[in-house]
Amino acid sequence: MKSVVLGFQHLLAMYAGAILVPLIVGQAIGLTSTQLTYLVSVDILMCGIATILQIMSNRFFGIGLPVVLGCTFTAVGPMISIGGNYGISAIYGAVIASGLIIVLISTFFGKLIKFFPPVVTGSVVTIIGITLIPVALNNMGGGFGAPDFGSSTNILLSFGTLLCIILLYRFTTGFLRSISILLGMAAGTVAAMMFGIVDFGAVKEASTFHLLTPFYLATPTFHLIPILTMTLVAMVSLVESTGVYFALSDITEKEITEKDLEKGYRSEGLASLIGGIFNAFPYTTFSQNVGLVQMSGVKSRKVILITAIMLVSLGFMPKIAAMATVIPTSVLGGAMVAMFGMVISQGIKMLSKVVGESQENAMIIACSVGLGLGVSVVPDIFASLPASLQMLTSNGIVAGSLTAIVLNIMFNMLPSKKRKKAAQLQLAEQEV
């Protein structure tokens, strides 16, 4: 019984993150309430399957640590952008292709990781977070194109939800703080019910039980830029996951080898590949659950397996998934400001460790974040370039990410006189 309670606690800790991604992406690409219910259901179920793939440990996949997986927030902005420019089918083509690429490169990704130091990953995460904020603000007003956009009711609900989350985060600790987003959305929805703007029609219409259908929402189509974008996002997620792996390794006192890392990367790629087939998302480790492992002191994979089984079970119950779809857009917008702001703060936290190390790092951050944000705000700036080049410049996240990677190679990886001189001085000091 104790294991079940602990498993349920892990479920609650990650549930807000699990349902927010399909809600945000689904609303942004214009899904119907029935489609949105399916999307939430399949995402919850796939979180469970992805978690099972990762906590297992065999010759081919599974890190074998008590880790919970969910859809990465770094994929939200890119998926919305892909959906808007190429259509929903391109989202799933990109998710499937990027998952397959990660499976194929998992063996030597440990060697590629040198191209993704904190100055690169921090810049990418910051760019993604910044480009998501306009989505959050549009939702705070009631959703882009809504007839009551910016109404006093929407503003009151969105800021009320955000205030509730802030107060919970400020005055609670431990587990309650970890589910402050979930509690804030629940409070906002209850307040919206008092205004009479919550529609439970989707819950009534949803079936009690359903089976998953491959390509239910769209048959995947494959385009180079969406695939490149999602592959970059997947690589950044792998770098973040590596940190989670080592954190859990330290907590559980289980040493992980390069082979273990390969299997962990392969699991994430496999989870994304399967997720794309069932019209879900790419999956990565959830760091909030690492905090729960540390806080509870329970390091058993059995508890996480129970969480995964609960997630899979919930995925077959559309009525429960439909409950999430009744959350008003303005309430969701208030929560999104906090969630996306945390993405930015995570990026800043990663960058804070390296920005002071050298002027070169400061220049990498300045150019990559500046270009990433600039292209997102003024997407037509490179409209006169050849189509082959526009593929790399039309998306702010791709432009910013590639800028960070190229500048990092130029400043930090290619030999330079300054670096050679420093190495020679260090060698001379050692000889003395």
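Model, not experiment: these values are computed from the prediction. (Residues numbered from 1 in each chain as written. Predicted model: local features only at pLDDT ≥ 70, side-chain atom pairs only at ≥ 80, totals over all residues. Heavy atoms only, no water.)

Trainee: Can you walk me through the overall build of the chain in this structure?
Mentor: The helix and strand tally for the chain stands at 20 helices and 2 strands. C-alpha atoms of the chain, sized along the principal axes, occupy 75 × 55 × 45 Å. The contacts of the chain with a sequence gap of at least 6 include a subset with a gap of at least 24, amounting to 83%. Carbon and sulfur atoms make up 68% of the accessible area of the chain, which totals about 18900 Å². For the chain, the distance from the average site of its 22 positive side-chain charges to the average site of its 17 negative ones is 5 Å. (Helix = DSSP H or I, 4+ residues; strand = E, 2+ residues; numbered from the N terminus. Contact = heavy atoms within 4.5 Å. Areas by Shrake-Rupley, 256 points an atom, 1.4 Å probe, with all protein chains shown as cover. Lys, Arg positive; Asp, Glu negative; His and termini not counted. Charge placed at Lys NZ, Arg CZ, Asp CG, Glu CD.)

Trainee: Just checking my understanding: could you explain the pattern of salt bridges for this structure?
Mentor: In a structure, side chains of opposite charge can pair up when their charged atoms sit close to one another. What the rule picks out here adds up to 2 salt bridges. A salt bridge links glutamate 262 to lysine 259, with the shortest nitrogen-to-oxygen separation between them at 3.9 Å. Here lysine 259 and glutamate 262 lie together in helix H12 (residues 258-277), a separation of 3 residues that amounts to about one turn. Note on glutamate 262: relative accessible area 10%, which makes it buried. (Salt bridge = Lys/Arg side-chain N within 4 Å of Asp/Glu carboxyl O. Buried < 20%, exposed > 50% of the residue type's maximum accessible area, 1.4 Å probe, protein only.)

Trainee: Please clarify how the packing of aromatic side chains should be interpreted in this entry.
Mentor: Describing an aromatic ring pair means giving the distance of the ring centres and the angle of the ring planes. In this structure the tally under the stated criterion is 4 aromatic pairs. Ring centres of phenylalanine 109 and tyrosine 265 lie 5.3 Å apart, and the angle between their planes is 80°; on these two criteria the pair is classed as edge-to-face. Pair noted here: phenylalanine 109 is in helix H5 (residues 109-112) and tyrosine 265 is in helix H12, with a separation of 156 residues, a long-range link. Take phenylalanine 109: its relative accessible area is 0%, and that puts it in the buried class. Of the residues examined, tyrosine 265 reaches a relative accessible area of 2% and is grouped as buried. Here the aromatic rings of tyrosine 245 and tyrosine 265 are separated by 6.3 Å at their centres, their planes lie at 40°, and the arrangement is tilted. Linking tyrosine 245 in helix H11 (residues 224-252) with tyrosine 265 in helix H12, this pair joins segments that are 20 residues apart in sequence. Each member of the pair, tyrosine 245 as well as tyrosine 265, carries the same accessibility label: buried. Taken together, the ring pairs connect Phe109, Tyr245 and Tyr265 into an aromatic cluster. (Phe/Tyr/Trp six-rings, centres within 6.5 Å; stacked < 30°, edge-to-face > 60°.)

Trainee: What should I look at first to understand the packing of helix H17 (residues 359-377) against helix H19 (residues 396-413) in this one?
Mentor: To describe two helices that pack against each other, one gives the angle between their axes and the distance between the axes. At a minimum axis separation of 7 Å, H17 and H19 run at an interaxial angle of 165°. Judged by the inter-axis angle, H17 sits roughly antiparallel to H19. Relative to H19, H17 is oriented so that their crossing is right-handed. Of the residues in H19, those touching H17 at Glu360, Asn361, Met363, Ile364, Cys367, Ser368, Leu371, Gly372, Val375 and Ser376 are Gly396, Ala399, Gly400, Thr403, Ala404, Leu407, Asn408, Phe411 and Asn412. Across the contact of H17 with H19, the residue classes break down as 9 nonpolar, 9 polar and 1 charged. (Axes fitted to C-alpha atoms, helices over the stretch in contact; angles between N-to-C directions. Parallel < 35°, antiparallel > 145°, perpendicular 65-115°, else oblique. Left-handed = near helix turned anticlockwise from the far one by under 90°. Nonpolar A, V, L, I, M, F, W, Y, C, P; charged D, E, K, R; others polar.)

Trainee: What should I look at first to understand H11 in this one?
Mentor: Helix length check: H11 (29 residues) gives 41 Å between terminal C-alpha atoms against 42 Å at 1.5 Å per residue, within 8%. Across the 29 residues that make up H11, a large majority, 22, are buried. Following H11 by one or two positions, glutamate 253 adopts a phi angle in the positive range, close to 60°. (Expected span 1.5 Å × (residues − 1).)

Trainee: Would you explain a nonpolar patch on the surface in this entry?
Mentor: Among the surface-exposed residues, Leu373, Val377, Val378 and Ile381 lie close enough to one another that they form a single nonpolar patch of about 360 Å² accessible area. Mapping leucine 373 onto the fold places it in helix H17. (Patch = residues over 30% accessible without salt bridge, like charges linked within 9 Å, V, L, I, M, F, W, Y side chains within 5 Å.)

Trainee: Which parts of the structure should I look at to understand the nonpolar core?
Mentor: What tends to happen in soluble globular proteins is that the nonpolar side chains get buried as a cluster. In terms of nonpolar packing, the biggest core is built from 122 residues, with Ile24, Met185 and Tyr283 touching the most fellow members. When residues of this core are assigned to their parent elements, the largest contribution, 13 residues, is made by H11. With residues near it in sequence (within four places) discarded, methionine 185 still touches Ala16, Ile19, Leu20, Thr161, Ile327, Val331, Leu332 and Ala335. (Core = buried A, V, L, I, M, F, W, Y, C linked by side-chain atoms within 4.5 Å.)

Trainee: Could you clarify how one ought to interpret empty space enclosed by the protein in this entry?
Mentor: A water-sized probe, rolled over the atoms, reveals where empty space remains. Throughout the structure, instances matching the rule amount to 1 cavity of 30 Å³ or more. Considered as a void within the structure, the largest cavity measures approximately 80 Å³ in volume. What lines the largest cavity is Thr72, Ser98, Gly99, Ile102, Ala234, Ser237, Leu238, Glu268, Gly269, Ser272, Pro282 and Tyr283. Where the lining of the largest cavity is concerned, the elements lending two or more residues are helix H4 (88-105), H11 and H12. (1 Å grid on protein atoms, 1.4 Å probe; cavity = no way out; pocket = protein on both sides within 12 Å on 5 of 7 lines; lining within 4 Å. Points joined across faces, edges and corners; volume = space filled by probe spheres on them.)

Interpretation in functional terms is not warranted from these geometric data alone.
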